[in-house]
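# Remarks on the overall topology
Residues per chain are reported as follows:
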Amino acid sequence: PTPTRPPPRLPPPPPLIAINEFVPRPGHDWNGDGVINVGDEYIELINHGVVDVNLSGYALDDEVNIGSTPYRLPSEILKPGERIVFYGKQTGLLLSDGGDGVRLLKPNGQLGDAYNYTVVKYPDQAYCRLPDNGGDLDDWNQNCFPTPGLKNTLSGSISRPPIEEDEDLPL
C-alpha cells in the first residue's frame, strides 16, 4: 500500500479586530474616575475572528492627519468574542461633538476599520454595530445604549451610585 500524505496545513485565518462601539460625548462617568469629561469618551474593540489576536502594533485614531495623535494599543491578547474598551483619559483621543472619525489602524499602518459620524445630538449617544460581535461590518446604528465592554443593545438603564448621606445634615 502506498502511504498517504497528510493534507497540507492551511495558513491561520487573518485577525478580525473591529471597532464595535464608541461614545464621543459622555454624559456619565464611564471610566469611573469620579468626573464626567472627555476622559469618559470611549472606543470599544472586539475580536470577531476565530483566533487570539495580540493588539500590540494596532493604533486608534480620529481623522487622518488632523486632530489627536494616534494611540498605540498595548500588548494585550484579545480572544475570539472578547471586547476591550479604551477611554479618552487613556488614549488622549478627542472625539469631536461636531462630527469626526474613529479609525483602527493595523500594525502595518493600513486602515483596519473606520466610521465617520456627524454632529452628536445628545450626551451618551452611542454608535455601535448591530448585531453585536461582528455581524456585517456596515451594520452601524447611531442610537445605541452605551454598553462599554458588554453586548451592544438599543435600550437599557444606567444604574446610579447611591447618594451618601452627610451625617452633619438634618434629614
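Residues numbered from 1 in each chain as written. Predicted model: local features only at pLDDT ≥ 70, side-chain atom pairs only at ≥ 80, totals over all residues. Heavy atoms only, no water.

### Looking at the overall build of the protein chain
- The number of helices and strands found in the protein chain is one helix and 11 strands.
- Taking all 171 residues of the protein chain together, the buried fraction comes to 39%.
- In the protein chain, the share of contacts with a sequence separation of at least 24, taken over all contacts with a separation of at least 6, comes to 59%.
- Surface summary for the protein chain: the accessible area is close to 10,400 Å², and the carbon and sulfur share equals 54%. (Helix = DSSP H or I, 4+ residues; strand = E, 2+ residues; numbered from the N terminus. Buried < 20%, exposed > 50% of the residue type's maximum accessible area, 1.4 Å probe, protein only. Contact = heavy atoms within 4.5 Å. Areas by Shrake-Rupley, 256 points an atom, 1.4 Å probe, with all protein chains shown as cover.)

### Some words on the packing of aromatic side chains
- Scanning the model with the defined rule gives 10 aromatic pairs in all.
- Centre to centre, the rings of Phe22 and Tyr127 are 4.9 Å apart; their planes meet at 5°, and the pair counts as stacked. One end of the pair, Phe22, is in strand E1 (residues 17-23); the other, Tyr127, is in strand E10 (residues 126-129), and 105 residues separate them in sequence.
- A residue is classified by how much of its surface remains accessible, and Tyr127, at 1% relative accessible area, is buried.
- Taken together through their ring pairs, the aromatic side chains of Phe22, Tyr115, Tyr117, Tyr127 and Trp140 make up a single cluster. (Phe/Tyr/Trp six-rings, centres within 6.5 Å; stacked < 30°, edge-to-face > 60°.)

### Some remarks on the sheet that holds strand E7 (residues 83-87)
- One open sheet accounts for five strands, arranged E7-E2-E1-E10-E11; its pairing is antiparallel. Looking at the sheet topology across the chains shown, the edges are occupied by E7 and strand E11 (140-144). With strand direction ignored, the average angle separating the axes of adjacent strands in the sheet is 30°.
- Here three bridges tie E10 to E11, and the two strands are oriented antiparallel to one another. Paired with Cys128 across the strands is Asn141, a residue of E11. (Pairing = 2+ DSSP bridges. Axes fitted to C-alpha atoms, helices over the stretch in contact; angles between N-to-C directions.)

### A closer look at the pattern of salt bridges
- Scanning the model with the defined rule gives five salt bridges in all.
- For Asp33, the salt bridge goes to Lys89, with nearest N and O atoms at 3.3 Å. Of the two residues, Asp33 sits in the loop between E1 and strand E2 (42-47) while Lys89 sits in helix H1 (residues 88-91), which places them 56 residues apart along the sequence.
- Residue classification places Lys89 among the exposed residues on the basis of a relative accessible area of 59%.
- The residue Arg103 makes a salt bridge to Asp61 at a minimum N-O spacing of 2.8 Å. Here the residue Arg103 occupies a position in strand E8 (residues 100-105), and Asp61 occupies one in strand E4 (residues 59-61), the gap between them amounting to 42 residues.
- When its relative accessible area of 13% is taken as the criterion, Arg103 is described as buried. (Salt bridge = Lys/Arg side-chain N within 4 Å of Asp/Glu carboxyl O.)

### Considerations on the sheet that holds strand E5 (residues 71-72)
- Pairing in this open sheet of four strands is antiparallel, and the strands run E5-E4-E8-E9 from one edge to the other. Only two strands of the sheet have a single neighbouring strand rather than two, namely E5 and strand E9 (111-117).
- Relative to E9, E8 is paired through six bridges, and the arrangement is antiparallel. What sits directly across from Leu105, in E9, is Leu111.

### Re the state of the cysteines
- Tallied over the full model, the rule gives one disulfide.
- Disulfide partner of Cys128: Cys144, at an S-S distance of 1.9 Å. Of note, the bridge from Cys128 to Cys144 carries an S-S torsion of about -70° and is left-handed in sense. Pair noted here: Cys128 is in strand E10 and Cys144 is in strand E11, with a separation of 16 residues, a long-range link.
- By relative accessible area, Cys144 is classed as buried at 4%. (Disulfide = S-S within 2.5 Å.)

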